[in-house]
Amino acid sequence: MKHKKLHRSKKHQSAIRLAFLYVASIFLYYWLFFFGGEFISTIRLYCQGNAIYQILNVTKSSSNPVKASTTSDSNATSTPLSNYEIPLVHHRIWRDDSIIRLDNNSNIPKNWGKAFRNCVNVHAKRNWTTYLWTDDGIRSFLMRQYPEFLPVYDSYMYDIQRVDAARYFILYHYGGVYTDLDIGCLGDRHYDDLIQSLNSSKAKGALFPLTNPMGFSNDVMFASKNHPFLGQLIDNLPKKNRWFGLPYLTVLYSTGPMFLSLSYSKLSSDERSQVLAMSPEIYSQSGTRYFNHLQGSTWWSIDAKFGQWMLRNWGFIACLAGFALFARRIINN
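## Comments concerning the overall build of the protein chain
A tally of helices and strands in the protein chain yields 14 helices and nine strands. Looking at the protein chain as a whole, 48% of its 333 residues are labelled buried. Put simply, 79% of the contacts in the protein chain that link residues at least 6 apart link residues at least 24 apart. Put simply, the protein chain shows about 16900 Å² of open surface, and 55% of that area lies on carbon and sulfur atoms.

## Brief notes about helix α6 (residues 159-174)
With 16 residues, α6 should cover 22 Å at 1.5 Å per step; its first-to-last C-alpha distance of 22 Å lies within 8% of that length. A large share of α6 lies buried, amounting to 14 of its 16 residues. Of the residues flanking the end of α6, it is Gly175, one or two places downstream, whose phi is positive at about 75°.

## Here's the deal with the pairing of strand β7 (residues 220-223)
Taking every second residue as pointing to the same face, both faces of β7 are buried, with Val220 and Phe222 on one and Met221 and Ala223 on the other. Relative to β7, strand β4 (residues 176-179) runs antiparallel, the two sharing four bridges. Each bridged residue has a counterpart across the sheet, and for Gly176 the counterpart in β7 is Ala223. Here strand β6 (residues 206-209) pairs with β7 via two bridges, running antiparallel. Residue Ala206 lies in a different strand from β7, and its bridge partner there is Ala223.

## Notes on the side chain of Ser279
Along the polypeptide, Ser279 turns up in the loop between β8 (276-278) and α12 (280-283). In this structure the side chain of Ser279 is engaged in a polar contact, spanning 3.1 Å, whose partner is the side chain of Glu281.

## A closer look at the packing of helix α8 (residues 228-236) against helix α10 (residues 257-265)
At a closest axis distance of 10 Å, the pairing of α8 and α10 adopts a crossing angle of 120°. Seen along the crossing, α8 lies across α10 with a hand that is right-handed. Side by side, α8 and α10 meet where Phe229, Leu233 and Asn236 of the first sit next to Phe259, Leu260, Ser263 and Tyr264 of the second. A per-class count over the contact of α8 with α10 returns five nonpolar, two polar and no charged.

## Thoughts on the pattern of salt bridges
Side chains that differ in charge, positive against negative, can pair when their charged atoms come close. Under the counting rule described, the total for this entry stands at eight salt bridges. Between Asp192 and Arg126 there is a salt bridge, with its nearest N and O atoms 2.8 Å apart. Taken together, the residues span a long stretch of sequence, with Asp192 in helix α7 (residues 191-200) and Arg126 in the loop between α3 (110-123) and β3 (129-133) at a distance of 66 residues. The exposure class assigned to Arg126 is partly exposed, which follows from its relative accessible area of 22%. Of the charged contacts in the structure, one is a salt bridge between Asp164 and Arg167, with a shortest N-O distance of 3.2 Å. Of the two residues, Asp164 and Arg167 both sit in helix α6, three residues apart, roughly one turn of that helix. The pair Asp164 / Arg167 is uniform in exposure class, with both members buried. Where salt bridges share partners, they join Glu38, Lys240 and Arg242 into one cluster.

## Details of the nonpolar core
Among the nonpolar cores identified, the biggest contains 51 residues, and Leu142, Phe149, Tyr168, Phe208 and Leu237 are the most heavily contacted of them. Per-element accounting of this core gives the leading share, eight residues, to α6. Not counting the four nearest positions on each side in its chain, Tyr168 is found in contact with Asn218, Met221, Leu230, Leu233, Ile234, Leu237, Thr255, Gly256, Phe259 and Leu260. Trp128, Leu198, Val220 and Tyr283 belong to the second largest nonpolar core, which has 22 residues in total.

## So, the environment of Phe259
Examined against the element boundaries, Phe259 turns out to sit in helix α10. A sequence separation of 43 residues divides Phe259 from Phe216, and the C-alpha atoms of the two residues are 9.3 Å apart. The residues touching Phe259, leaving out its near neighbours within four places in the chain, are Tyr168, Leu233, Asn236, Leu237, Lys240, Leu252, Tyr253 and Ser254.

## A few points about the packing of α6 against α8
Angle between the axes and distance between the axes: these two values describe a pair of packed helices. Between α6 and α8, the least distance of the axes is 9 Å, while the angle of their chain directions is 145°. Along this stretch, α6 crosses α8, giving a crossing that reads as left-handed. When α6 is examined against α8, the residues Tyr168, Phe169, Leu171 and Tyr172 are found in contact with a partner set consisting of Leu230, Gly231, Leu233 and Ile234. Class assignment for the residues of the contact of α6 with α8 results in seven nonpolar, one polar and no charged.

How each quantity is defined
- Residues numbered from 1 in each chain as written.
- Predicted model: local features only at pLDDT ≥ 70, side-chain atom pairs only at ≥ 80, totals over all residues.
- Heavy atoms only, no water.
- Helix = DSSP H or I, 4+ residues; strand = E, 2+ residues; numbered from the N terminus.
- Buried < 20%, exposed > 50% of the residue type's maximum accessible area, 1.4 Å probe, protein only.
- Contact = heavy atoms within 4.5 Å.
- Areas by Shrake-Rupley, 256 points an atom, 1.4 Å probe, with all protein chains shown as cover.
- Expected span 1.5 Å × (residues − 1).
- Pairing = 2+ DSSP bridges.
- Polar contact = N/O pair within 3.5 Å; in protein donor to acceptor, adjacent residues only side chain to side chain.
- Axes fitted to C-alpha atoms, helices over the stretch in contact; angles between N-to-C directions.
- Left-handed = near helix turned anticlockwise from the far one by under 90°.
- Nonpolar A, V, L, I, M, F, W, Y, C, P; charged D, E, K, R; others polar.
- Salt bridge = Lys/Arg side-chain N within 4 Å of Asp/Glu carboxyl O.
- Core = buried A, V, L, I, M, F, W, Y, C linked by side-chain atoms within 4.5 Å.

Keep in mind that these numbers describe shape and distance, not what the molecule does.
And the structure:
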């Protein structure tokens, strides 16, 4: 009797294990179907480390301060404001102009509004212009200059994808510097230093910050007008406009930082020589950074944390996927 109960118990436990493995294999099949190619490319990028990047060396600028201006997107111009290869133009994006109007009813985080005004004041001591691009302004710009992209732009599932795509088009068309609104300016370290250092380097025209565990961030970008890498990015956007298994991964790989990073990884050596990387010391390290990173996010969610966990634990997931495939074969037999 005890022997029969023990046998049934073992059989029950075995059935539970097989059911779990079956469900896990279905999930992994689903995930690999939508994300498998990018997962392999991500592993390859991670394994390459920092060897594929040219790091910018920064020297202090001696630019003479000249008063700058602040304007909305409707008056944007592609004319450079100095002899710099990268125009002294700071592009920002928000859904409307409430941040300029100091509208207390706006749903923009208060620390973002304060940081925006601080950047304007910092730039006011130098020859810089700030452009705020609104939803209406971006649509008008695309309708005038890139109408063929509007169907892709309108098809995006998430607003952040439209914001991501817009920043690439704006920098390609006008040149300058783009930063997210959760990036603030520092009075004692100005972007002039980075532009001067970039102009004096062999690789001119584009600069992106390195992040952990791999690749570039797209919340800070420097580029000259019509830079070829930005041109490749906007050409690649329609090709990557699809579902990647999770909302976070869809944003990350269709328009976001991993879209940018994997596009860079596929460049030839000559093409990479025209793009420089911003070290963590310049981008985010306290005491030496040129950017004030603020709290707040307009698109972060639970699946974003899950997506980040998957990217950090890609080795474990790869082993689990192999085990699930093996278990699936045993079940089918």
